[in-house]
Amino acid sequence: MSQITPDSEATPAVPAPHDGASRRIFIGLAVGVALGLAANLLGNGLWVTEAAAAVADIVGNLFLRMLFVMVVPLVVSALALAVAEIGDLGRLGRLGLATLAVTAVLSSAAVLIGLGLVNTIRPGEALAAARGAAAVEAASTAADRVIEQARASKALREILVDMIPQNPLQEMAGAIDGSSKGNGMLAVMVFALLLGAALAAQPTATAPLRGWLEAWNVVAMTVIGWGMKLAPVGAGCLVFNTVARLGLDAILSLFWFAFTVLAGLAIQLVVVYPVVLRVFGTFRPLDFFRRSAEAMQVAFGTSSSNATLPTSLKVAEQNLGLRRDAARFVLTVGATGNQNGTALFEGVVVLFLAQVFGVSLGPGQQLQVVLMAMLAGIGTAGVPGGSLPLVAVIAQSVGVPAEGIGIILGVDRLLDMCRTVLNVTGDLVVAACVAGREPAQTGA
Ligand code: ASP
């Protein structure tokens, strides 16, 4: 058994969390927003604001690095140990299928909500009427880098073949910064699944390796625990920089676009998640959100599902009382594979850009956007801005000019913070539904 959570009694009836950490992060975020607004109002040229932005940039990124530095060892050890602890292939299959089913329900609901709103509010038409040509021109240079990344994207055959990495070390090396040649984090996850399955198949012969992975898991959680001590300040600094640099112009001209995305995310959060929790799960929604608050705040501060994974694991085990093996499996897979906030965002952006450029998409093409956005939610790296290259791919596939992405870059980080909250909460919702339904385990 791993030692990261000695008190892993899996019962949903765990006492309410002792949420000092959550309160501190909340205060850090609130201070970051307030100071960021003040800096924004003062203007960007002043030495005070420039100096504050430079310090906040360094501190915020050091905090992110303290989380990212252990993400690959954490994903490999947590996923391999989860599979090994689950042991029996039948149970693993049932867990995998249940995870897939709840994920599909959540992400299809998310994309449909997004498309419903974007077709009703029609934010792209408002922008095109106000300042279409100017916006589009400014956009194309800013979007070059994203489009370059999107061009590097691969054909379906390659994606499928690359699911099994040729060289797992190479995939691990490029998993976070997107420089891997294969499928990056997805390939690392497949490697970890294989590792865990082999541990389960040969428990006696592989016992030392399992002990080694458990030790790595403890190391990863310990280092990340140190990093999390920086969370109130680090997340506050990241939010400060986002708010301070956010041009009022960008917000105003993209008001209806941002409103559409945020309204969609809000509906998913306060309607879809509670309904799914009620139908499949064992939690009262308000209680669930209270217990999950720490993970939601870290997601907001970091804009990264992967950086939030350790906090989600802790929340699932200690605050929600979910079964450790199942929760580890669902959350580790979900940090990359279940991103319904991102799926919603990707669908909205593509239709928004279609409206801006006057490209009319028929029902067939809209359906294509729905399916591609759902799949892109699986393939998106859980890092800040991870969805942008995939937005470019979807846009190009339905004939919408991808350089339009530049239009939304000015507000992207703000929306990224919000959609990452949805992504992480969605993972916890799936874990609450699936892990809560697992039959009691008799020793692992
Ligand atoms: N930042 C998101 C995440 O980590 C991915 C994205 O939508 O860009 O979940």
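A brief structural summary. (Residues numbered from 1 in each chain as written. Predicted model: local features only at pLDDT ≥ 70, side-chain atom pairs only at ≥ 80, totals over all residues. Heavy atoms only, no water.)

## Let's talk about the overall build of the protein chain
In step 1: A count of helices and strands for the protein chain gives 20 helices and zero strands.
In step 2: Counting the 444 residues in the protein chain, one finds 54% classified as buried.
In step 3: Of the contacts made within the protein chain by residues no fewer than 6 positions apart, 85% connect residues no fewer than 24 positions apart.
In step 4: For the protein chain, the computed accessible surface area is about 18,700 Å², with 67% contributed by carbon and sulfur atoms. (Helix = DSSP H or I, 4+ residues; strand = E, 2+ residues; numbered from the N terminus. Buried < 20%, exposed > 50% of the residue type's maximum accessible area, 1.4 Å probe, protein only. Contact = heavy atoms within 4.5 Å. Areas by Shrake-Rupley, 256 points an atom, 1.4 Å probe, with all protein chains shown as cover.)

## A short note on helix α14 (residues 285-302)
In step 1: If you check α14, its first and last C-alpha atoms are 24 Å apart, about what 18 residues at 1.5 Å a residue would give, namely 26 Å.
In step 2: Along α14, the largest kink reaches about 55 degrees and is centred on serine 292.
In step 3: Burial runs high along α14: 14 of the 18 residues are buried.
In step 4: Where α14 ends, the next residue or the one after it, serine 303, has phi of about 55 degrees, a positive value. (Expected span 1.5 Å × (residues − 1). Bend = angle between axes of the 7 residues up to and from the residue.)

## Description of a nonpolar patch on the surface
In step 1: Where nonpolar side chains cluster on the molecular surface, the patch consists of Ile267, Val270, Val271, Val275 and Val279 and spans about 410 Å² of accessible area.
In step 2: Look at isoleucine 267 and you get partly exposed, because its relative accessible area is 32%. (Patch = residues over 30% accessible without salt bridge, like charges linked within 9 Å, V, L, I, M, F, W, Y side chains within 5 Å. Salt bridge = Lys/Arg side-chain N within 4 Å of Asp/Glu carboxyl O.)

## Thoughts on the pattern of salt bridges
In step 1: Counting across every chain of the model gives eleven salt bridges.
In step 2: Among the ionic pairs, aspartate 412 bridges to arginine 419, the shortest N-O distance being 3.0 Å. Across the pair, exposure class does not vary: aspartate 412 and arginine 419 are buried alike.
In step 3: In this structure, a network of salt bridges that share partners links the residues Glu85, Arg324 and Arg328.

## Let's talk about the site of the ligand
In step 1: Around the ligand lies a shell of 17 residues, among which Ser305, Thr342, Asp416, Arg419 and Asn423 are the nearest.
In step 2: One nitrogen or oxygen atom from the main chain of glycine 386 is found 3.0 Å from an oxygen atom belonging to the ligand.
In step 3: Looking at the shell around the ligand residue by residue, the class counts come to three nonpolar, twelve polar and two charged. (Near = heavy atom within 4 Å. Polar contact = N/O pair within 3.5 Å; in protein donor to acceptor, adjacent residues only side chain to side chain. Nonpolar A, V, L, I, M, F, W, Y, C, P; charged D, E, K, R; others polar.)

## Overview of the nonpolar core
In step 1: Phe257, Phe288, Phe329, Phe345 and Phe352 are the most contacted members of the largest nonpolar core, which totals 124 residues.
In step 2: Those residues in contact with phenylalanine 352 that lie beyond four places of it in its chain are Val118, Pro123, Gly124, Leu127, Leu254, Phe257, Ile407 and Ile408.
In step 3: Membership of the second largest hydrophobic core comes to five residues, among which are Ala39, Cys237, Phe240 and Ala244. (Core = buried A, V, L, I, M, F, W, Y, C linked by side-chain atoms within 4.5 Å.)

## Observations concerning helix α20 (residues 405-435)
What sets the pattern is the α-helix's 3.6 residues per turn: residues three or four places apart point alike.
In step 1: With 31 residues, α20 extends only 38 Å from end C-alpha to end C-alpha; this falls clearly short of the ideal 45 Å at 1.5 Å per step.
In step 2: At valine 411, α20 shows its maximal kink, close to 65 degrees.
In step 3: Buried residues dominate α20, accounting for 27 of its 31 residues.

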